Every structure is written in C-alpha cells, then in structure tokens.
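Structural features, examined
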Amino acid sequence: MSEEMERETFYTDFLFVGAGPACLSGAIRLRNMIDDHNDAAEENGEEPLDARIMILEKGSDVGSHGISGAVLDPRALSELFPGWKEDDTFPVERFVERESMLMLSETSGFTIPIMPPEFQDHGKPIISIAKFQAWLAERCEERNIEILTATAGNHLLFDDNGQVIGVRTRDFGIGQNGSPREDFEPGADIMAKVTILGEGPRGHLSRQLFNKFDMLSSNPITYEMGCKEILELPKGSVKDGFVYLTAGYPLNGSWGPLNGTFGGAFIYSMGGDRVAIGLLAVLDAHNPDQDVHYMLQKLKLHPKIREILKGGKVIKYGAKAVTVGGWGCMPKLYAPGAMVIGDSASFLNAARIKGIHLAMKSGMLAGEAAFECLLAGEFGESYTKMYKDKIDDSWVRTEMEVSQNFHTNISKDGLPIGAMKYGLSKVTTPLFGASSIVKAHEDHSGMKTLEEYYGKDRSERPQFTKPSSGRYTDLEYDNEYIVDKLHAVYLSGSTHEEMQPSHLLVADPNHCVTTCREEYGNPCERYCPAQVYNIIDDESSPHGKRLQVDFSNCVHCKTCDIRDPYQNIRWVPPEAGGGPQYGDM
Ligand code: SF4
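Remember, it's a predicted structure, so these values are computed and weren't measured experimentally. (Residues numbered from 1 in each chain as written. Predicted model: local features only at pLDDT ≥ 70, side-chain atom pairs only at ≥ 80, totals over all residues. Heavy atoms only, no water.)

**Observations concerning the site of the ligand**
Every one of the 13 residues lining the ligand counts as a neighbour, but Cys 528, Cys 554, Cys 557, Lys 558 and Cys 560 are closest to it. Split into classes, the residues belonging to the shell around the ligand amount to eleven nonpolar, one polar and one charged. (Near = heavy atom within 4 Å. Nonpolar A, V, L, I, M, F, W, Y, C, P; charged D, E, K, R; others polar.)

Here it is in structure tokens:
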C-alpha cells in the first residue's frame, strides 16, 4: 500500500487509545476538569476552554474485548462517581458477603482459617468488566467524549522533533495476499496534542512508544495468563455474593521453586445463577507443556471445586495476559506528547489480585495532567511528566510500591519462602525504595526445553491418548462442563474476517517444525488458549509438517507474543472489529 494514498485526517485535542477502565476514566476526569474550569470562567467573564476528546477502541463495541475477574476495589470509582452505590444503572453483579481461601492438593483441600488481609474483599462489588466499561462509555457519551469503536491504532505519528502527534489507524480491507480488497479503505490519521495509551497488556502502540523513547525499565514487565469461564448453575443455586480463591493444585509449583509454575484461581458468584471461574499462571513457567486452559478444566474436576460448581454448564470463555510485575517493573510513563496508563504500564497489584482501580486512577491522573497541559498550551515532555509526578504523590504509589516484589518473590521461590521474602520486602521497601526491587527476567526466557524439564530421555513427559479437537488429552470433554479449546473459542464469540493477512506474525515458520519442535515440542500448541497454532502434516514441506495459524480463533490474549521462547511471534491488531465478543465477562 502506498504511503502517499489519500487518507482522512481528523483533529482532536486528546486521544485515548483503548476503551478500558483506564482510558474511559481518564477521559471523564479530563472532561470534568474542563467543565469545572469553564463554569468558573463563565462566572468570572473569562474565555472558556475548548477541547475535543476522542477514544479509539479496536473491539466492535466497548466491552467486547473486556475481560477480568472481577471484584472491584471502588476507591477510584468513588472519587470519579461519589454516588455510584445509589445509582440504579451501575452494573453490580453482587456484593461480596463471604470469602474463603482453599489450599488444594490433587484430591483434597482445606480452607485456611483467616483470609490474608491483602485478599479481604467483604462488601466490595463483584462486577463484569465488560458491563462496567459499557457503563463508563455511557458516562463518556453524556460528556461529549467521542468513542470510535472497531478502530485499531496501527502506528504512532511523530512530528519533525520526535513528539507524538497522534495515531494512524489500521487500513481496512487488505486481502490475504496483502493487496487491497474491493472494500479497501485506508486508515485515517488522528492528530492529537496528547496521545494517551491504555491498550491493555503488551499494547501494540505502547511497544512502539517504549522502543522509540527507550522507556522500559531494566526490570522487564512480567505477566501471567488467565483463562476464565462463566458457568450457569441450576436455578436457585446461587444465593449470595461469594468469593473463593485457590492455591495449589493444579499449579504444581506453588509449593516450591523447582517446577517454576505459579499462579492461582478464583471463583466468584455473579448475578442470577451464574458463577465465574478463572485460573492464572505465570508466563515464565518452566514447563514447556503448560496449558492454562487445560489446567482450568483439571481444576473444575477437583472434588472441592465440583461441589461449588455442581450442575454448572459453561456459557462463556475468554483469556487474557495480566501484568503482574507492578511497581517493580513499571516503564517510564510519559514521552513528548504521550502518556501510558493502565495495564499497558503495569498498573496492577498482584498481591491483591486487583488492577481495575489502579488502571482507573492512572487514567484519571493522566487526565489531570492533560488538563494542566491544556491550560499551559504546552504538550512536550516537561509537561506530560506531570502525570508521573501525580502518580508519585497519589495512593497509587503508596499501594503499589510496598508490593513491588510480590510476584518476583513468590514466582521465584514458591509460596512459603516467597511469602516470607515478600513480608520482609514490605518492611525494607519503605526504607530503600527502588534499590530493593528484586530483579525479574523476561518471561520468554523462563521456559525449559523438553530435555531440561523432563530429562534426557523425556520419559516423564505425559503421554495423552484421547484425541479431542485434533489434540491428544487425558480429559473427557462433554463441552458442557469440561470444554475443549475449539468449543471454548466458540463460547468466546471470537471471529475475524478470514480474507485478511494473519495478525499473528511468525518471523520464521520453518523454525517451528525444526528447532522449536525438537527443543520445546511446539509449546504454542499448548500455551495458546484458543488453538490458533497447529502443527499439521504436509507432504510438500521438506520436514513433512508445517505450522498452520488459525488466526480467526484468536482471543487477543497476547500470550504467544510474551511466552514464545524464541520471540518468533508478534501480535499486531487485526482488521477492525475482529476478536472476541465477551459482553458480560
Ligand atoms: Fe492468545 Fe496468541 Fe493464541 Fe491469540 S494466537 S489467543 S494472542 S496465544
């Protein structure tokens, strides 16, 4: 496609990228400040400020790509909407009335007598993040904030001085061979004084910004990946707001560092008779066969969990990478004409398994900094830096800094020792600040080869015998309670226009059927929660096999981009509107 082709150009003052809680809250906070300023200006007979605010969203609707637990810490919400509890339109599923933590072995388990303080959520709202996003989007529309759905940012635009001046959106209608289809429309240039990126974990534009301005910390951003399902239980089964957190089985590394697999699971009651269950595991897991979707199915077969989910049928499925390194791996948050907020900048407190309130507050503080930029008429780095100053002066820092080593401690040393080290770190962090950060590593470097993990003869590797969806497994799938990956994709609602190039860029597909197959056994077939990657027989290939990428299944979790041991895969935005349809996740 020629760069010279005619493109539409739009002008806005502030451009938020990604209609998640961070951007939606940021845009609302910014508009509220402008409106308050203008009310005062009117009283004083001064000129009002005029500003256009836009939000880009790659999903077909606000919330269609939204997935989270979620028990919401309402701190940021109460600052933005003090009357939310009295607002009948606010989408609460239930409030937490009882909560417990289960420690699971393979066949049994017990409830620990006291819920650790970090996990205590009594009285907090259980929400569907997708519905919450839709609610925030309505509040945006009331405030004349424009939301462009089904519009993905393709690349950042810079002026001659290197300042970010907006985003070029992805071209629409490129055929499989890279030539324009009949319905081709070039992407538009959206020019903005400040561009605020809140694209979620491993953001496509955030990567460009981080690289351009060398913004990543020496401690890499680390991730877990979670698979989540919503189950419909028999009528009348769900009577109250409950939360179960689990540790142990099927995450065999929870108790020590040797297996290098750490994570946990949650079960929350939702409205009606629906229950959400999710399992998260680190993306630097040593096990090359780690498959979070498979582990979630195993968890549901555990007698303690079966009891909670009795009679349940899976009605929704999704997956997402989650930033867990928190304060200890946060990138630089600002650049000339740009700021980074929410999950894109690692605003999540893994010690509390919570990030929505931090994402919202980061967006709100970016909105406040944007307002200051507007007042000053300056948008360079010395002005966008106000965002970082505001973060440092806020409760975000107070909450996140003491937890900066939580994930690294527990991921490296397992629960008992890691928890002790984390306890010590909570004491030393206020004294030594950033110098007490424990060094993490890039997630993709954590995976061991088959030989390293299973031994030279690989005899310890599980040999599965029952085929399901073209894969071998030890599970019996009924696609009601135990669902295979292809049925799960169906339940995610994910689709993509098939007549487009794959948005999963595999740098060297030959590598997949040679080196990767030999060393790691093609882990993409297991870590991908949507069965996008398939090694299939192909007589025309010199190796008798080739990689088939079923990109239409992709649920945009970004795991392949993060976990592939050779970093052979890049996730880029597909054609507008493609991806999951989560709706109530
Ligand atoms: Fe996730 Fe990558 Fe699979 Fe898409 S292809 S679902 S981003 S692992």
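Still more to cover.
**As for the sheet that holds strand E19 (residues 313-323)**
If you walk across this open sheet you meet the seven strands as E6-E5-E16-E17-E18-E15-E19, and the pairing is mixed. Every other strand in the sheet has two partners, leaving strand E6 (109-111) and E19 as the edge strands with one partner each. Between one strand axis and the next, the sheet turns through 20° on average, direction left out of account. Direction of pairing for strand E5 (residues 98-104) relative to E6: antiparallel, over a ladder of three bridges. In the strand pairing of E6, Leu 104 is matched with Gly 109. (Pairing = 2+ DSSP bridges. Helix = DSSP H or I, 4+ residues; strand = E, 2+ residues; numbered from the N terminus. Axes fitted to C-alpha atoms, helices over the stretch in contact; angles between N-to-C directions.)

**What about the pairing of strand E15 (residues 223-232)?**
Burial of E15 is extensive: nine of the ten residues sit out of reach of the surface. Pairing analysis gives ten bridges linking E15 to E19, with the strands arranged antiparallel. Bridge assignment links Glu 224 to a residue of E19, and that residue is Val 322. For E15 and strand E18 (residues 274-282), the ladder comprises nine bridges, and the chain directions are antiparallel. Looking at the pairing, Lys 228 lines up with Gly 278 of E18. (Buried < 20%, exposed > 50% of the residue type's maximum accessible area, 1.4 Å probe, protein only.)

**Re the confidence of the model for the chain**
Across the chain, pLDDT averages 94, with 98% of residues at or above 70. Predicted confidence for residues 254-258 stays below pLDDT 50, and this span has 20 contacts to residues more than four positions away or in other chains. (pLDDT = per-residue confidence, 0-100. Contact = heavy atoms within 4.5 Å.)

**Quick notes on the packing of aromatic side chains**
If you walk through the whole model with that rule in mind, you get 13 aromatic pairs. Taking the centre distance of 5.0 Å and the plane angle of 70° together, the rings of Phe 81 and Trp 135 count as edge-to-face. Within this pair, whereas Phe 81 is found in the loop between helix H2 (75-80) and strand E4 (92-95), its partner Trp 135 is found in helix H3 (residues 129-142), the two being separated by 54 residues in sequence. Trp 135 shares its class with Phe 81; the two are buried. Considering the side-chain rings of Phe 90 and Phe 132, the 5.7 Å spacing of their centres and the 65° angle between planes classify their relative orientation as edge-to-face. Here Phe 132 lies in helix H3 and Phe 90 lies in the loop between H2 and E4, a separation of 42 residues in the sequence. (Phe/Tyr/Trp six-rings, centres within 6.5 Å; stacked < 30°, edge-to-face > 60°.)

**Considering the packing of helix H1 (residues 21-43) against H3**
In the contact formed by H1 and H3, the axes pass within 10 Å of each other and the chain directions differ by 20°. The angle between the axes of H1 and H3 places the two elements in the roughly parallel class. Handedness of the crossing formed by H1 with H3: left-handed. Here H1 contributes Pro 21, Leu 24, Ser 25 and Ile 28 to the contact with H3, which in turn contributes Ile 129, Phe 132, Gln 133, Leu 136, Ala 137, Arg 139 and Cys 140. Class assignment for the residues of the contact of H1 with H3 results in eight nonpolar, two polar and one charged. (Parallel < 35°, antiparallel > 145°, perpendicular 65-115°, else oblique. Left-handed = near helix turned anticlockwise from the far one by under 90°.)

**Observations regarding the pattern of salt bridges**
Applying the stated criterion to the full structure yields 42 salt bridges. Here Arg 207 ties to Asp 561 by a salt bridge, and the two come within 2.6 Å at their closest N and O atoms. Here the residue Arg 207 occupies a position in helix H4 (residues 204-213), and Asp 561 occupies one in helix H15 (residues 559-563), the gap between them amounting to 354 residues. Between Lys 485 and Asp 291 there is a salt bridge whose closest N-O contact spans 3.1 Å. Here Asp 291 lies in the loop between E18 and helix H5 (292-301) and Lys 485 lies in helix H12 (residues 485-492), a separation of 194 residues in the sequence. Three or more residues joined by partner-sharing salt bridges are found here, namely Glu 93, Lys 131, Arg 274 and Asp 584. (Salt bridge = Lys/Arg side-chain N within 4 Å of Asp/Glu carboxyl O.)

**A short note on the sheet that holds strand E20 (residues 334-335)**
Taken in spatial order, the six strands make up an open sheet running E8-E3-E2-E14-E21-E20, and their pairing is mixed. Looking at the sheet topology across the chains shown, the edges are occupied by strand E8 (146-148) and E20. Direction of pairing for strand E2 (residues 14-17) relative to strand E14 (residues 194-197): parallel, over a ladder of four bridges. Looking across to E14, one finds that Phe 16 is bridged to Ile 196. The strands touched by H1 within the sheet are E2, strand E3 (53-56), E8 and E14, with E3 carrying the most contacts at an inclination of about 175°.

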